[in-house]
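# Reading the structure
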Amino acid sequence: MSEPTLDIHLTDDDLDAALRSDARTGLTADPKTLPPKWFYDARGSELFEAITELPEYYPTRTERALLERVVGDIARTAQAEVLVELGAGSAAKTRLLLSALLAEGPLKTYVPQDVSVSALRGAAEQIGTEFPNLAVHGVVSDFTETLHNLPRGGRRMIAFLGGTIGNLVPQERAEFLAGIQQVLEPGEQLLLGAGLVTDPAVLVPAYDDAAGVTAEFNRNVLHVLNSRLHADFDPDAFAHIAHWDAENEWIEMRLAATRDMTVTVADLDLVVDFAQGEQMRTEISAKFRVDGLGRELDSAGFTTEEVWTDPDERFVLVLAERR
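Here is what the cut-offs are and how they apply
- Residues numbered from 1 in each chain as written.
- Predicted model: local features only at pLDDT ≥ 70, side-chain atom pairs only at ≥ 80, totals over all residues.
- Heavy atoms only, no water.
- Pairing = 2+ DSSP bridges.
- Helix = DSSP H or I, 4+ residues; strand = E, 2+ residues; numbered from the N terminus.
- Axes fitted to C-alpha atoms, helices over the stretch in contact; angles between N-to-C directions.
- Contact = heavy atoms within 4.5 Å.
- Salt bridge = Lys/Arg side-chain N within 4 Å of Asp/Glu carboxyl O.
- Buried < 20%, exposed > 50% of the residue type's maximum accessible area, 1.4 Å probe, protein only.
- Core = buried A, V, L, I, M, F, W, Y, C linked by side-chain atoms within 4.5 Å.
- Phe/Tyr/Trp six-rings, centres within 6.5 Å; stacked < 30°, edge-to-face > 60°.
- Lys NZ or Arg CZ within 6 Å of the ring centre and 35° of its normal.

A few words on the sheet that holds strand S12 (residues 302-309). Overall, mixed pairing links the eight strands, which are arranged S1-S4-S3-S2-S5-S6-S13-S12 in an open sheet. Unpaired on one side and paired on the other, strand S1 (5-8) and S12 mark the two borders of the sheet. For this sheet, the mean angle separating the axes of adjacent strands, direction not counted, is 20 degrees. Sheet topology places strand S3 (residues 109-114) next to strand S4 (residues 135-140); four bridges connect them, and they run parallel. Looking across to S4, one finds that Asp114 is bridged to Val140. Relative to strand S5 (residues 156-160), helix H6 (residues 170-183) is tilted by about 160 degrees, and along the sheet it contacts S5, strand S6 (189-195), S12 and strand S13 (315-322). This element, helix H9 (residues 290-299), spans S6, S12 and S13 of the sheet and lies at about 155 degrees to S12.

What follows is the structure, given as structure tokens:
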């Protein structure tokens, strides 16, 4: 087995600078916002893993069941020599893809990408052990800004799973998909996983579970600001809200101040006032319609090759080719 390699294009200093910029911009905006990527310190990652096991949270298990059913078709159609996974994390679902692609024969290299050095190093070592004939080339970067750092060579398929595409507003999605198109060669592919529009009675509880785990996950962004920017938020003074925006067809997660308060962010020399009832958006999770997602891919320079949905049509996997 060859040792996994790791390219680091994002340092702790880079992450600190990004957090400071995002916090200053979001907390001084009207209405206030914070990007969802700052949920994920060690505690946030643990909470999200717990969310994926909740009875209300269908997306993870629905996508996995769908992937298990169609992974052979994906591998036969893609014939990929290199699998690139954006936001790989622990690479849990990737094993299905790797096994199927290796069974087809051409796969030689796995390229996991993530912002976390520790998560990526652990995943790369595990994959290297489980698949000893596979070269593993990790890339530490932010996928929204550093796609050009992905290694080239071989017939590549970029996988972007988990419905994470839904965390981007339409303009961000257009820029992101165009960025992927630019780093791929004609004939190379994108495998995209996305949540579909379904009954709000099913959707909303997935983001507002009865046990309150998602509420703690939502408030964790305030713990991150407290620990990393020396803010003095009282996370327990904010209520979790999951709102279905029917016009935009997305779930909005928000934090609502339960009383008037003033928060100081010491590292930014920033004082922020919250009025009782004021809401701060912390995440959107857009849900798609198959034809609409196809139009977005087409506008970005992709041709849809295959589309697979689960029996309840709550999740979709799309294999698209770069024109």
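Bringing the pattern of salt bridges into the picture now. A complete count under the given rule lists 20 salt bridges for this structure. Linking Asp16 and Arg228 is a salt bridge whose minimum nitrogen-to-oxygen distance equals 2.8 Å. In this pair, Asp16 is assigned in helix H1 (residues 12-27) and Arg228 in helix H8 (residues 213-229), connecting sequence segments 212 residues apart. Asp16 gets classed as partly exposed once you look at its relative accessible area, which sits at 35%. Measuring nitrogen to oxygen at the nearest pair gives 3.6 Å for the salt bridge that ties Glu252 to Arg281.

Another point: unusual backbone geometry. As a rule of thumb, non-glycine residues mostly have phi less than zero, and peptide bonds are mostly trans rather than cis. Here the bond from Asp30 into Pro31 is cis, since omega is 0 degrees, no more than 30 degrees from zero. Of note, Pro31 is situated in the loop between H1 and helix H2 (42-52). Phi at Gln79 is positive, roughly 50 degrees, even though this residue is not glycine. Tracing the chain through its elements places Gln79 in the loop between helix H3 (59-78) and strand S2 (82-85). Of note in the backbone geometry, Glu313 takes a positive phi value of approximately 55 degrees without being a glycine. Relative to the helices and strands, Glu313 resides in the loop between S12 and S13.

By size, the foremost hydrophobic cluster in this structure holds 42 residues, and its most contacted members are Leu27, Leu225, Phe233, Phe238 and Phe274. Secondary-structure elements contributing two or more residues to this core are H1, H2, helix H7 (200-206), H8, strand S7 (238-245), strand S8 (250-257), strand S9 (261-265) and strand S10 (270-274). Looking at this core element by element, the count peaks at six residues for H8. What Phe233 contacts, discounting residues up to four positions off in sequence, is Leu27, Leu222, Leu225, Asn226, Phe238, Val263 and Phe274.

Scanning the model with the defined rule gives 13 aromatic pairs in all. Between Phe48 and Tyr57, the aromatic rings sit 6.2 Å apart at their centres with planes inclined by 80 degrees, giving edge-to-face as the arrangement. The class of Tyr57 is buried, set by a relative accessible area of 8%. In this arrangement the basic side chain of Lys32 is found over the ring face of Phe274, its NZ or CZ atom lying 4.7 Å from the centre. The ring of Tyr58 is capped by Arg314, whose NZ or CZ atom sits 5.4 Å from the centre of that ring.

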